[in-house]
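One letter stands for each residue in the lines below.
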Amino acid sequence: MICAWCLKNLLKPLRWRNPKMIFVNSMSDLFHENVPEDYVVAVAKVMVAANWHTYQVLTKRSDRLRKLLNNSLRFAVNQEHIWWGVSVENRRYGLPRIEDLQNTDAAIRFLSVEPLLEDLGKFNLGGIDWVIVGGESGPGARPMKKEWVISVRDQCRREGVPFFFKQWGGVRKSVAGRKLDGKTYDQFPQRVTHPVMAPRECLALAAEFEAEYKRTDLLTISNMDSPPLELAVR
């Protein structure tokens, strides 16, 4: 049976009346191999239902993302309020993830090029709707060179892909700031808007989900390396 804490987090979007930008699993990975497929499907069902929010779902497990979006998550793949993304930190591990993402029918696809650890060279932006770039931060942060960022920015510009520069990073990221050549880059894909469901409908749907998931063995929390669902909002 799904634990009470997980169920409460899972259903939060149905209880939030004001439209939010929600980063799903901001501190872990929804597509981690230890997260049961049924639970991933449950998360997607809530995202589809609470469609007045915009969701960002980011993963390093692009192979599993591709497989599920082409199978059990197909019902959610064309939803423009759900943005599916992959991490692209370097050429060896990051660039192959882009191809996995491109081999889905996701309505909105994005790349989180953060932390950018080396020059990515020229890469394929076909079907990509948004690129975020940022440097590593905190003690021991590896430096990011300006020319690496410029290369990504210029490729986005040529392909007409919205570009968001998050930070230079470093040990003192607030000092380093987030300007590139004296300019901030805050481009986003166009957000779709849906009407907020009536309060009574939200409560009824949340009760439906709650009853269904309490009957289903979706998750054994003791087998997880990290919490299965975290929602960061802004």
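This structure is a prediction, so every number in the text was calculated from the model and none was measured.

A.B. asks: So what about the overall build of the chain? Which residues, and what values?
C.D. replies: In terms of helices and strands, the chain carries 8 helices and 7 strands. Taking 17 Å as the expected radius of gyration for a compact globule of 234 residues, we find that the chain reaches 18 Å, a close match to that expectation. Oriented by its inertia axes, the alpha-carbon framework of the chain measures out at about 55 × 40 × 35 Å. Counting across all 234 residues of the chain, residues that qualify as buried make up 48%. Of the contacts made within the chain by residues no fewer than 6 positions apart, 74% connect residues no fewer than 24 positions apart. Computed over 34 positive and 27 negative side-chain charges, the separation of the two mean positions in the chain equals 6 Å.

A.B. asks: Describe the nonpolar core, naming the residues involved and giving the relevant values.
C.D. replies: Counting 64 residues, the largest nonpolar core has Leu14, Trp84, Leu111, Val131 and Val133 as its most contacted members. Here this core gets 9 residues from one element, more than from any other, and that element is helix α3 (residues 37-49). The residues touching Val133, leaving out its near neighbours within four places in the chain, are Val113, Leu116, Met144, Val149, Val152, Phe163, Phe164, Phe165, Lys166 and Gln167. Counting 8 residues, the second largest nonpolar core, distinct from the first, contains Leu58, Trp83, Phe110 and Ile132.

A.B. asks: Could you give an account of unusual backbone geometry, with specific residues and numbers?
C.D. replies: Looking along the chain, the bond that leaves Glu114 and enters Pro115 is cis, with omega of -5°. Phi at Asp181 takes a positive value of approximately 55°, unusual for a residue other than glycine. For Asp181, a relative accessible area of 49% corresponds to the partly exposed category.

A.B. asks: Summarise the pairing of strand β3 (residues 82-87); cite the residues concerned and give the values.
C.D. replies: Extensive coverage of β3 is indicated by the burial of 6 of its 6 residues. Looking at chain direction, strand β2 (residues 54-59) and β3 are connected through 5 bridges and run parallel. Residue pairing across strands places Leu58 opposite Gly85, the latter belonging to β3. Read from β2 through helix α4 (residues 62-69) to β3, the crossover connection turns out right-handed. With 5 bridges joining them, β3 and strand β4 (residues 108-113) adopt parallel strand pairing. Along β4, the bridge assignment pairs Ser87 with Ser112.

A.B. asks: Go over helix α6 (residues 146-159) with me, naming the residues and quoting the values.
C.D. replies: Between its terminal C-alpha atoms α6 stretches 20 Å, which fits the 20 Å expected from 14 residues at 1.5 Å a residue. All buried positions along α6 are accounted for by Trp148, Val149, Ile150, Val152, Arg153, Gln155 and Cys156.

A.B. asks: So what's going on with the pairing of β2? Residues and values would help.
C.D. replies: Of all 6 residues in β2, 6 are buried, a share of seventy percent or more. In this structure, strand β1 (residues 21-24) lies alongside β2, joined through 4 bridges in parallel fashion. Looking at β2, one finds that Val24 is bridged to Val57. Handedness of the crossover joining β1 and β2 through α3 is recorded here as right-handed.

A.B. asks: Account for the packing of α4 against helix α5 (residues 94-102), with residues named and values stated.
C.D. replies: Look at α4 against α5: their axes get within 8 Å of each other, and the N-to-C directions meet at 5°. Taken together, the axis directions place α4 and α5 in an arrangement best described as roughly parallel. Touching Ser62, Asp63, Leu65 and Arg66 of α4 are Arg97, Asp100 and Leu101, all from α5. In terms of residue class, the contact of α4 with α5 is built from 2 nonpolar, 1 polar and 4 charged.

Cut-offs used in this document
- Residues numbered from 1 in each chain as written.
- Predicted model: local features only at pLDDT ≥ 70, side-chain atom pairs only at ≥ 80, totals over all residues.
- Heavy atoms only, no water.
- Helix = DSSP H or I, 4+ residues; strand = E, 2+ residues; numbered from the N terminus.
- Rg over C-alpha atoms; globule rule 2.2 N^0.38 Å.
- Buried < 20%, exposed > 50% of the residue type's maximum accessible area, 1.4 Å probe, protein only.
- Contact = heavy atoms within 4.5 Å.
- Lys, Arg positive; Asp, Glu negative; His and termini not counted.
- Charge placed at Lys NZ, Arg CZ, Asp CG, Glu CD.
- Core = buried A, V, L, I, M, F, W, Y, C linked by side-chain atoms within 4.5 Å.
- Pairing = 2+ DSSP bridges.
- Right-handed = clockwise from strand over helix to strand, strands pointing away.
- Expected span 1.5 Å × (residues − 1).
- Axes fitted to C-alpha atoms, helices over the stretch in contact; angles between N-to-C directions.
- Parallel < 35°, antiparallel > 145°, perpendicular 65-115°, else oblique.
- Nonpolar A, V, L, I, M, F, W, Y, C, P; charged D, E, K, R; others polar.

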